Amino acid sequence: MASEAASQITKRYYLSEVDTNKAFCSAIFDPSQPQVAEPIVQCVQIKSLPAQPGAPERYRAVFSDIANYVQTMLATQVNPAVADGSLRKGCFVRLKSFQSNSVKGKKILIILDLEVLKELGEAEKIGEPKALEVKAEEEEVAQPTAISSNGFYGNKVEAAPSQPAKRAQPAPPPASAHATIYPIEAISPYSNKWTMKARCTQKSQIKTWHNKNGEGKLFSVNLLDDSGEIRATGFNDQCDMLYELFQEGSVYYISSPCRVQIAKKQFSNLNNDYELTFERDTIVEKAEEQNDVPQIRYNFTTVADLQTVEKDTTTDVIGVLKDVGETSQITSKSTGKPYDKREITLVDNTGFSVRLTIWGATANSFSASPESIVAFKGVKVSDFGGRSLSLLSSGSMTIDPDIGEAHKLRGWYDAQGRTENFASHASLSGATNSGKGDSYKTIAQVREEQLGMSDKPDYFSMKATVIYIKQDSTWSYPACLSENCNKKVTEMDPGQWRCEMCDKTHPKPEHRFIMPISVSDHTGQLWVSCFDDTGRAIMNTTADQLMQLREDDSGAFGEVFQEANCKTWSFRCRARMDNFGEQQRVRYQVMNCSPINYTEEANRLTALISSYNLE
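Per chain, residue numbering runs from 1 following the sequence as it is written. With the structure being a predicted model, the display of local features is reserved for residues of pLDDT at least 70 and the display and counting of side-chain atom pairs for 80 or more, all residues being used for whole-chain, interface and lining totals. Each side-chain value is derived from all of the structure's non-hydrogen atoms; neither hydrogens nor water enter the calculation.

What follows covers the packing of helix α10 (residues 543-552) against helix α11 (residues 556-564). For every element, the axis is a line fit to its C-alpha atoms; helices are fit only across the contacting stretch, and the angle between N-to-C directions ranges from 0 to 180 degrees. What counts as a helix is a DSSP run of H or I of at least four residues, what counts as a strand is a run of E of at least two, and both are numbered from the N terminus. In the contact formed by α10 and α11, the axes pass within 7 Å of each other and the chain directions differ by 135°. Considered as vectors, α10 and α11 are oriented oblique to each other. Here Leu546, Leu549 and Arg550 of α10 come into contact with α11, specifically with Ala556, Phe557, Val560 and Phe561. Per-class residue counts for the contact of α10 with α11 are six nonpolar, no polar and one charged. Any angle that falls under 35 degrees is termed roughly parallel, while one over 145 is termed roughly antiparallel, one within 65 to 115 roughly perpendicular, and all others oblique. Whether two residues touch is decided by their heavy atoms; if any such pair falls within 4.5 Å, the residues are in contact. Three residue categories are used. Nonpolar comprises Ala, Val, Leu, Ile, Met, Phe, Trp, Tyr, Cys and Pro, charged comprises Asp, Glu, Lys and Arg, and polar comprises the others, including Gly.

Here is the structure:
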């Protein structure tokens, strides 16, 4: 009886409040009606959507204003309310920020922010809400409406007069058409007829490709607003039309049609499930007001956490400038062209330091003094000699930025950082069980603990003996000769090896190791993958030299493999889940290896024995 009484109180309270929500569901799709900034609605259903590979979980919810109910998509930032159980069937919520759409005759909301009203409790479905009906004439002129808790409401755009069947090239929209602005976070394949206002934070160079299917060109830009970032790409004609228009740092209106698709994470490190492709009728125009969009957004990785970031990942980092090296030059093996470089050292309050390389004009003009706070956006993670970083040509650097992370680092460094000793990632490349590196595992422990079966990769060290190396064509691949490329090249004609990434043709490739090897210890056997640096150490030669021995058809080729067998190494490995066809299985990759240091090994075994309780 008590719970029934509470439900009645909840119902009466909600019915008293609903006057402010009257016809909310229908009004939100018709901006000519009075709008409600933060309506209170009841959740009558919530379901998870089918999972997309590599994408966070998404949810669909149905909300009711008593008169009508409406389907909604929850933005990923609302997921915690579902995960902790506060957002569930029967509860009441205040919608604080949302966008509306009409998609194929269905009305749908995208919920960006909400508050679960726990004080109202839960109740059975109130009233007999009905689904919204879409009139044909409404569907023809339906325009998106953006409402958020800041009190700004989108205005309805007047319907265009009927046009002849032949589609004309669209003209730039009038300024009034920009009254309704979609945040980047809300753009998805469900979005329809939207306009965003965003800053171009990065523009790539024009890239071209040539293959058997033809040739083409493309460029991409990173776009930023208050809600997030998204990558957009223009191909061929759109590349010609839009490349000069986009300038880094400027703000633009971009209006659909524009293709929205799942983001290709290998080409972008932006935190967005989707990316855009400019189409023939996409409208881009420079905004008059340039100061109402943020300048740059970072997604920092701490220096310590770089050890768990995969090789070749692009990330952002901020730290105190501990050391600045002199400018030096290296010469490209393929072109003979010199490149300027400078190495610097960054530290942060995690107790680690990292080496970062900057290139070209940035290296020559670098003027930051030691103990400055420097933020880098777009650095590539390498595992050469332990974790190190390289500033990409598309990346950026800001000295003493006015952001919270920089102020926090400054306070820490002035208070205690100057006197701290920092661990180098390079010192962990042959990791022992020192507390800073990865723990030693036997092969049996690797399997029993199911390393690599979680969402994130697992790292471990092991002592194992090489027992078999495949001698077929899987032990190497032909790689590009360009500096820092190493991508696989394709032989187009004799003496013509083409790299699509660099858009260059080379007379020959550089062969690099990519070896599957079988290793064993006293507990079992494991197949691991080795890349070039590890392969050179194990084989005691380069892949190019080994390939030459193979072409000479001499017994020396097989002798190299025979010599590499039955040797014991200290391996540092990464275990992660990979897809092989339609199956998933754990892949074990050797990050680096080193000969056994018997003094350290004896100390490790002594410590292991001491850890047992022998009483």
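Past the structure itself, the notes keep going.
Bringing helix α9 (residues 532-539) into the picture now. Relative accessibility decides the category of a residue: with a 1.4 Å probe and only protein chains considered, values under 20% of the type maximum give buried, values over 50% give exposed, and everything between is partly exposed. The complete set of buried residues in α9 reads Asp532, Thr534, Gly535, Ile538 and Met539. Buried residues of α9 fall within an arc of 160° about the axis and therefore sit on the same side. Asparagine 540, located one to two residues past α9, shows a positive phi value of around 60°. Here, the arc refers to the directions that run from the helix axis to the C-beta atoms.

Moving on to the pairing of strand β28 (residues 510-513). Both faces of β28 are covered, namely the face carrying Glu510 and Arg512 and the face carrying His511 and Phe513. Strands pair, by our definition, only if DSSP identifies at least two bridges between them. Inspection of the sheet shows strand β24 (residues 476-479) paired to β28 by four bridges, in the antiparallel sense. In the strand pairing of β28, tyrosine 477 is matched with arginine 512.

This brings us to unusual backbone geometry. With glycine set apart, most residues show a phi of negative sign, and most peptide bonds adopt trans. Across the junction of serine 256 and proline 257, the peptide omega takes the value 15°, indicating a cis bond. Positionally, proline 257 belongs in the loop between β12 (251-255) and β13 (258-262). Even without a glycine there, the phi angle at glutamine 450 is positive, about 55°. Along the chain, glutamine 450 turns up in the loop between α8 (443-448) and β23 (458-469). Backbone geometry at asparagine 540 places phi at a positive 60°, although glycine is not the residue there. Topologically, asparagine 540 is positioned in the loop between α9 and α10. By relative accessible area, asparagine 540 is classed as exposed at 71%.

On to the nonpolar core. Residues belong to one nonpolar core when they are buried, are Ala, Val, Leu, Ile, Met, Phe, Trp, Tyr or Cys, and are joined through side-chain atoms within 4.5 Å. Among the nonpolar cores identified, the biggest contains 33 residues, and Met462, Ile538, Met539 and Phe571 are the most heavily contacted of them. Residue contributions to this core peak at five residues, all from β23. If we ignore the near neighbours within four places in the chain, the residues touching isoleucine 538 are Ile469, Ile517, Cys530, Ala564, Trp569, Phe571 and Cys593. Ala75, Ile187, Cys258 and Leu276 belong to the second-largest nonpolar core, a separate cluster that totals 28 residues.

Attention now moves to the pairing of strand β10 (residues 214-225). Counting buried residues along β10, nine of its twelve residues qualify, which places the element largely inside the surrounding structure. Both strand β8 (residues 195-203) and β10 contribute to a ladder of four bridges, which runs antiparallel. Each residue of the ladder has a partner; that of arginine 199, found in β10, is leucine 224. Between the end of strand β9 (residues 207-211) and the start of β10, which pair antiparallel, lie two residues. In this structure, β10 lies alongside strand β11 (residues 228-235), joined through eight bridges in antiparallel fashion. When the bridges of β11 are listed, leucine 224 appears paired with glutamate 229. Between β10 and the antiparallel strand that follows it, β11, lie two residues.

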